[in-house]
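Chain by chain, the residues run as shown.
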Amino acid sequence: MPGEAMSRAKLMLFSHVCGDSFITGAEKYLLTLACELGRHADCMLVVPRDGLLRQEAAKKGIPSVIHPVPLVWEMYRPEAETAGEVQRIVEARAHSKTADLLHQYQPDLVLVNTCVHVYPALAAKALGIPVVWLIAETMADTPFTPQATALIHGCADLIVGISETVLEPLRRAGFGDKLALLPPTWHRDELEPASWAESRAALRRRLGLQGREPLIGYLASSLHRDKGLEHFVRMAISLADLRGDARFVIVGVSTDSAYTSHCERLIAASGHADRFHWLDFESRIQALYPAMDLVVVPSLVAEGFGMIALEGLIFGKGVIAYRSGGLEEILLATDNERWLVESGDIAGLAAKAMEWLDAPWGEAPGAANIRAAASAYGIDRYRLRLRGLLRRLQASLDAAAARRTGRTPQLKEYALYRGHQSNAVFLIEGGKKRPFASEEALAYYRYSWQDVNAVADEELHALETGTPIRPAPLTDRHRPAVMLARGEDTTVYLLAGGRRFPFSSMERLLERGYDPERVVPVEDDELRRLPAGRAL
């Protein structure tokens with residue numbers, strides 16, 4: 001089984017963001033993927049800072065490390081200089097810190113989230129680590145998009161898209177052989193379905209709804225122009241003129257205060273301000289959706305997916321959306337094509353909302369939407385798709401392992417090395433590479449940068465990473481296994497195998513090829529802790 005084959009693999013998943021006020025759709029996607037891959041492999045999350053994603057991962061038992069990585073925003077909207085910018089990153093070794101991280105943790109596979117997350121992909125490629133590039137957004141179509149997609153194709157062993165919409169530029173470029181589809185999913189028990197009725201009643205009471213007034217919702221993790229808040233507001237105002245019972249709720253965090261203020265002024269001028277409610281983002285979406293009856297998603301850009309629309313269906317709500325990228329895919333896949341509106345058509349949006357409000361729904365459509373969402377995007381369908389990906393990933397892992405086995409590094413024992421595209425310096429001991437914890441550690445053991453040999457990072461990655469080297473007592477595992485030391489007198493010792501071997505003279509030290517500049521001064525008490533060996 002693919003899962004069994006992957007059981008010992010180590011995976012690092014790089015998130016491009018980690019906010020502290022809300023979790024984006026891309027972060028949710030990566031967290032779910034980490035949880036599901038965790039059934040088959042050992043996963044570690046890499047985040048640029050502490051935040052909600054890292055906290056949620058910890059709750060699920062997923063370890064994480066903080067490692068800030070610059071983003072190449074030009075990949076989202078490729079420009080003439082985008083390819084040149086990436087080439088400059090490589091030439092300047094700007095991704096070297098990420099390469100150091102990969103040397104430290106030695107993953108078998110690296111997954112990078114979103115098209116702008118170039119650095120981890122470049123670093124992994126330098127080390128010969130297979131790369132899965134997760135595409136969660138629709139890259140802008142410019143004359144330079146083919147160059148950006150070629151870069152993704154060149155770095156990635158597999159390109160996974162959350163929708164056909166995000167994969168389209170890569171498919172158009174002829175890269176279909178590396179493409180795979182894995183839309184988002186959810187774990188139903190985490191949404192606490194038994195609490196939905198209570199949550200509905202509680203939020204509706206909080207909003208002052210007394211009976212069966214239809215509540216129409218607009219949700220976005222961040223409120224800005226591309227998400228179409230103004231379109232929702234104008235639609236809602238026209239509905240309010242016709243339906244005295246309709247109520248509206250806007251959920252999200254403003255990231256464009258001028259735009260949000262503009263929308264607030266439209267509502268104030270409508271004469272219906274008392275029928276609009278504003279709520280902050282709530283990470284527990286099960287506290288929000290149950291109270292609503294209809295969810296409207298008027299995104300003005302081609303959404304990479306459109307999780308708000310799917311979440312509405314998961315909770316059994318009616319969903320009306322613009323025909324924008326992944327939103328169209330979701331409604332088509334769940335037999336809701338009827339509720340699609342051409343992007344930008346506010347009147348069409350209002351007409352569909354009126355049609356929905358006037359229909360004698362009862363409970364049937366809600367149950368139908370729940371079933372349709374589960375059939376198209378539920379966890380069983382997700383795991384079926386994931387098993388197919390695991391089979392393809394296993395081939396990449398096997399190929400990488402074969403490359404490592406077939407090119408046993410010819411690195412000298414007790415010599416120092418670093419990679420061409422990384423910074424970390426390693427001492428080769430017993431077939432392992434031991435990193436120096438700092439430049440101070442390098443100097444403490446009397447090494448200099450002139451002692452360091454540069455080799456391909458892939459050669460270093462083929463060696464297991466050993467215990468870091470740092471200034472430490474002679475009996476500590478963090479010192480080099482073999483070193484020269486001298487106490488308060490002139491006798492120089494070779495420390496090896498947990499013993500101290502005195503040189504009978506400086507001539508004997510030189511005859512054996514040791515460098516007197518490499519002698520580390522230590523306290524006599526430390527030397528005496530090591531058993532004495534024969535004189536050399």
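Preceding this section is the structure that the text describes.
What comes next is a walk through the structure. All figures in this text were calculated on a predicted structure; none of them were measured in a lab.

## What about the overall build of the protein chain?
Stage number 1. Counting its regular elements, the protein chain contains 20 helices and 22 strands.
Stage number 2. For the C-alpha atoms alone, the extent of the protein chain along its principal axes is close to 100 × 50 × 45 Å.
Stage number 3. Sorting the 536 residues of the protein chain into buried and exposed places 55% on the buried side.
Stage number 4. Pairs at least 24 residues apart make up 69% of the contacts formed inside the protein chain by residues separated by at least 6 positions.
Stage number 5. Accessible surface computed for the protein chain: about 23,400 Å², of which carbon and sulfur atoms make up 50%.

## Structural notes on the packing of helix H4 (residues 82-91) against helix H6 (residues 118-127)
Stage number 1. Interaxial distance between H4 and H6 falls to 11 Å at its minimum, and their mutual angle equals 50°. Relative to H6, the element H4 is oriented oblique. Every pair of crossing elements has a handedness; the one defined by H4 and H6 is right-handed. Along its contact with H4, which presents Val86, Ile89 and Val90, the element H6 presents Val118, Tyr119 and Leu122.

## Details of the sheet that holds strand E3 (residues 64-66)
Stage number 1. A sheet is described by the order of its strands in space; here seven strands give the open sequence E3-E2-E1-E4-E5-E6-E7, paired in parallel fashion. Each end of this open sheet is capped by a strand with a single partner; those strands are E3 and strand E7 (179-181). Each strand of the sheet is rotated relative to its neighbour by a mean of 25°, with strand direction disregarded.
Stage number 2. Pairing between strand E4 (residues 109-113) and strand E5 (residues 131-135): four bridges, direction parallel. Within E5, the position partnered with Asn113 by the bridge is Leu134.
Stage number 3. Sitting on the sheet, H6 touches strand E1 (10-14), E4 and E5, and the angle it makes with E5 is about 165°.

## Focus: the sheet that holds strand E20 (residues 492-496)
Stage number 1. Across the sheet, four strands lie side by side as E21-E20-E19-E22; this open sheet has mixed pairing. Two strands close off the open sheet at either side, each with one partner strand: strand E21 (499-502) and strand E22 (519-521). Across the sheet, the mean angle from the axis of one strand to that of its neighbour is 40°, orientation sign disregarded.
Stage number 2. With four bridges connecting them, E20 and E21 associate as antiparallel partners.

## Regarding the pattern of salt bridges
Stage number 1. All chains considered together, the criterion is met by 28 salt bridges.
Stage number 2. With a shortest N-O distance of 3.7 Å, Glu464 and Lys432 are connected by a salt bridge. With a gap of 32 residues between them, Glu464 in strand E18 (residues 464-465) and Lys432 in strand E16 (residues 432-435) connect regions that are remote in the sequence.
Stage number 3. Using a relative accessible area of 35% as the deciding quantity, one classes Lys432 as partly exposed.
Stage number 4. The residue Arg528 makes a salt bridge to Asp525 at a minimum N-O spacing of 2.6 Å.

## Some details on the environment of Gly208
Stage number 1. Position of Gly208 among the secondary structure elements: in the loop between helix H9 (196-206) and strand E8 (215-223).
Stage number 2. With 67 residues separating them in the primary sequence, Gly208 and Arg275 have C-alpha atoms 9.6 Å apart.

## A short note on the nonpolar core
Stage number 1. Leu13, Trp133 and Met235 are the most contacted members of the largest nonpolar core, which totals 143 residues.
Stage number 2. In this structure Leu13 touches Leu30, Leu33, Ala34, Leu37, Cys43, Met44, Leu45, Val46 and Leu111, once residues within four positions along its chain are discounted.
Stage number 3. If you look at the next biggest cluster of nonpolar residues, it comprises 20 residues, including Phe436, Val452, Tyr493 and Val520.

## Quick notes on the packing of aromatic side chains
Stage number 1. Inspection of every chain in the model, using the stated rule, returns nine aromatic pairs.
Stage number 2. Plain terms: the ring middles of Tyr289 and Phe315 are 5.1 Å apart, the flat faces sit at 10° to each other, and that makes the pair stacked. Pair noted here: Tyr289 is in the loop between strand E10 (276-279) and strand E11 (294-297) and Phe315 is in the loop between helix H12 (307-314) and strand E12 (318-322), with a separation of 26 residues, a long-range link.
Stage number 3. In this structure, Lys352 packs its charged tip against the face of Trp339, placed 5.7 Å from the ring centre.
Stage number 4. Over the ring of Phe426 we find Lys433; its NZ or CZ atom is 5.6 Å from the centre of that ring.

## A few points about the state of the cysteines
In a disulfide, the sulfur atoms of two cysteines are covalently bonded to one another.
Stage number 1. Going through the model one piece at a time under the given rule, you end up with zero disulfides.
Stage number 2. Of all cysteine sulfurs in the structure, the one in Cys43 sits closest to Cys35, which takes part in no disulfide; the separation is 8.8 Å.
Stage number 3. Free of any disulfide, Cys115 has its nearest neighbouring cysteine sulfur in Cys155, separated by 13 Å.

## Some words on helix H10 (residues 229-242)
Stage number 1. In a regular helix each residue adds 1.5 Å, so 14 residues correspond to 20 Å; H10 covers 20 Å between its end C-alpha atoms and thus fits that length.
Stage number 2. Burial within H10 is extensive, with 10 of its 14 residues counted as buried.

## Here's the deal with unusual backbone geometry
Stage number 1. Of note, Thr114 is a non-glycine position whose phi angle comes to about 80°, a positive value.
Stage number 2. Positionally, Thr114 belongs in the loop between E4 and H6.
Stage number 3. The phi dihedral of Tyr414 falls on the positive side, at around 65°, and the residue is not glycine.
Stage number 4. Position of Tyr414 among the secondary structure elements: in the loop between helix H16 (379-406) and strand E14 (416-419).

## Some thoughts on the packing of H6 against helix H7 (residues 145-155)
When two helices pack together, their arrangement is given by the angle between the helix axes and by the axis-to-axis distance.
Stage number 1. One way to put it is that H6 packs onto H7 with a least axis distance of 9 Å and a crossing angle of 40°. By the angle between their axes, H6 is oblique relative to H7. Relative to H7, the crossing made by H6 is left-handed. Residues Val118, Ala121, Leu122 and Lys125 of H6 form the contact with H7, whose participating residues are Leu151, Gly154 and Cys155.
Stage number 2. Partitioned by chemical class, the residues of the contact of H6 with H7 number five nonpolar, one polar and one charged.

## A short note on the pairing of E1
Stage number 1. Among the five residues that make up E1, four are buried, leaving the element largely enclosed by the rest of the structure.
Stage number 2. Here E1 pairs with strand E2 (residues 42-47) via five bridges, running parallel. Counterpart to Leu11 in the pairing with E2 is Cys43.
Stage number 3. This β-α-β element, E1 to helix H2 (residues 25-37) to E2, shows right-handed connectivity.
Stage number 4. Pairing of E1 with E4 involves four bridges; the strand directions are parallel. By the bridge assignment for E4, Leu13 is matched with Leu111.

What counts and what doesn't
- Residues numbered from 1 in each chain as written.
- Predicted model: local features only at pLDDT ≥ 70, side-chain atom pairs only at ≥ 80, totals over all residues.
- Heavy atoms only, no water.
- Helix = DSSP H or I, 4+ residues; strand = E, 2+ residues; numbered from the N terminus.
- Buried < 20%, exposed > 50% of the residue type's maximum accessible area, 1.4 Å probe, protein only.
- Contact = heavy atoms within 4.5 Å.
- Areas by Shrake-Rupley, 256 points an atom, 1.4 Å probe, with all protein chains shown as cover.
- Axes fitted to C-alpha atoms, helices over the stretch in contact; angles between N-to-C directions.
- Parallel < 35°, antiparallel > 145°, perpendicular 65-115°, else oblique.
- Left-handed = near helix turned anticlockwise from the far one by under 90°.
- Pairing = 2+ DSSP bridges.
- Salt bridge = Lys/Arg side-chain N within 4 Å of Asp/Glu carboxyl O.
- Core = buried A, V, L, I, M, F, W, Y, C linked by side-chain atoms within 4.5 Å.
- Phe/Tyr/Trp six-rings, centres within 6.5 Å; stacked < 30°, edge-to-face > 60°.
- Lys NZ or Arg CZ within 6 Å of the ring centre and 35° of its normal.
- Disulfide = S-S within 2.5 Å.
- Expected span 1.5 Å × (residues − 1).
- Nonpolar A, V, L, I, M, F, W, Y, C, P; charged D, E, K, R; others polar.
- Right-handed = clockwise from strand over helix to strand, strands pointing away.

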